[in-house]
Amino acid sequence: MSSPPLAAYRHLLRVVRNVFKGDEAMLSGAYSELRSRFEASRADSDPGVVKKKLEEASEAADFIRSFVVQCHVNEKGTVRVKPEKHQVESMQDEITEEQFDISVKHGMSRPRCS
């Protein structure tokens, strides 16, 4: 059986791999950052500190999975954002309809999701 810190590390690696697939520079940077943060905490033995860091790792994984969206530049040079269905649902949970309408009214483009 895997230790909770190792399980959290592996979970974050999977999330990062899925979110940044095809973007080797971001993958490499994210992997390095994850490794350095987990290595820095390797010696932590206080159960309260370990619990807090595991909660932070879980929150980080949820945030990355829900709110980090890769952009792609098409052949015309236009940047396209295509969030996954679960990201659109997460964003809808975080913003009220009134806030969304205000952002559109002030010139922010309405996201297109397909």
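How each quantity is defined
- Residues numbered from 1 in each chain as written.
- Predicted model: local features only at pLDDT ≥ 70, side-chain atom pairs only at ≥ 80, totals over all residues.
- Heavy atoms only, no water.
- Helix = DSSP H or I, 4+ residues; strand = E, 2+ residues; numbered from the N terminus.
- Buried < 20%, exposed > 50% of the residue type's maximum accessible area, 1.4 Å probe, protein only.
- Areas by Shrake-Rupley, 256 points an atom, 1.4 Å probe, with all protein chains shown as cover.
- Core = buried A, V, L, I, M, F, W, Y, C linked by side-chain atoms within 4.5 Å.
- Contact = heavy atoms within 4.5 Å.
- pLDDT = per-residue confidence, 0-100.
- Salt bridge = Lys/Arg side-chain N within 4 Å of Asp/Glu carboxyl O.
- Patch = residues over 30% accessible without salt bridge, like charges linked within 9 Å, V, L, I, M, F, W, Y side chains within 5 Å.
- Axes fitted to C-alpha atoms, helices over the stretch in contact; angles between N-to-C directions.
- Parallel < 35°, antiparallel > 145°, perpendicular 65-115°, else oblique.
- Left-handed = near helix turned anticlockwise from the far one by under 90°.
- Expected span 1.5 Å × (residues − 1).
- Arc of directions from axis to C-beta.

**Quick notes on the overall build of the protein**
Along the backbone of the protein there are 5 helices and 2 strands. Sequence-ordered secondary structure for the protein, helices as α and strands as β, is α-α-α-β-β-α-α. Within the protein, the proportion of its 114 residues that are buried is 19%. Summed over all atoms, the accessible surface of the protein reaches about 9,000 Å², with 54% contributed by carbon and sulfur.

**With respect to the nonpolar core**
Grouped together as the largest cluster of nonpolar side chains are 14 residues, with contacts concentrated most on Leu12, Val15, Val16, Val19, Phe20, Leu34 and Ile64. Contributions of two or more residues to this core are made by helix 1 (4-19), helix 2 (24-40) and helix 3 (47-67). The element contributing the most residues to this core is helix 1, with 7 residues. Setting aside chain neighbours within four positions, we find Val16 in contact with Leu27, Ala30, Tyr31, Leu34 and Ile64.

**Considering the confidence of the model for the protein**
Residues at a pLDDT of 70 or more form 72% of the protein, whose mean pLDDT is 79. The spread of mean pLDDT over the elements of the protein runs between helix 5 (residues 97-105), the lowest at 52, and helix 1, the highest at 94. This model gives residues 103-114 a pLDDT under 50, and the stretch forms 10 contacts once residues within four places in sequence are excluded.

**Observations concerning the pattern of salt bridges**
The final tally for this structure, using the stated rule, is 5 salt bridges. Measuring nitrogen to oxygen at the nearest pair gives 2.7 Å for the salt bridge that ties Arg42 to Glu39. With relative accessibility at 34%, the residue Glu39 sits in the partly exposed group. Three or more residues joined by partner-sharing salt bridges are found here, namely Arg35, Glu39 and Arg42.

**With respect to a nonpolar patch on the surface**
Together, Val73, Val79 and Val81 line one region of the surface with nonpolar side chains, adding up to about 270 Å² of accessible area. With respect to the helices and strands, the residue Val81 is situated in strand 2 (residues 79-81). Note on Val81: relative accessible area 42%, which makes it partly exposed.

**Here's the deal with the packing of helix 1 against helix 2**
At their nearest, the axes of helix 1 and helix 2 sit 10 Å apart, and the two run at 165° to each other. Looking at the two axes, helix 1 sits roughly antiparallel to helix 2. For the pair helix 1 and helix 2, the sense of crossing is right-handed. Residue-level inspection shows Pro5, Ala8, Tyr9, Leu12, Leu13, Val16 and Arg17 of helix 1 in contact with helix 2, the latter providing Leu27, Ala30, Tyr31, Leu34, Arg35 and Phe38.

**Let's talk about helix 2**
Under the 1.5 Å per step criterion, the end-to-end length of helix 2 is 24 Å for 17 residues, consistent within 8% with the ideal 24 Å. Of all the residues in helix 2, the buried ones are Leu27, Ala30 and Leu34. On an axial view of helix 2, the arc spanned by its buried residues comes to 70°, and they lie on one face. With respect to the buried face of helix 2, the exposed residues turned more than 90 degrees away are Glu24, Ala25 and Ala40. Here the buried face of helix 2 lies against helix 1.

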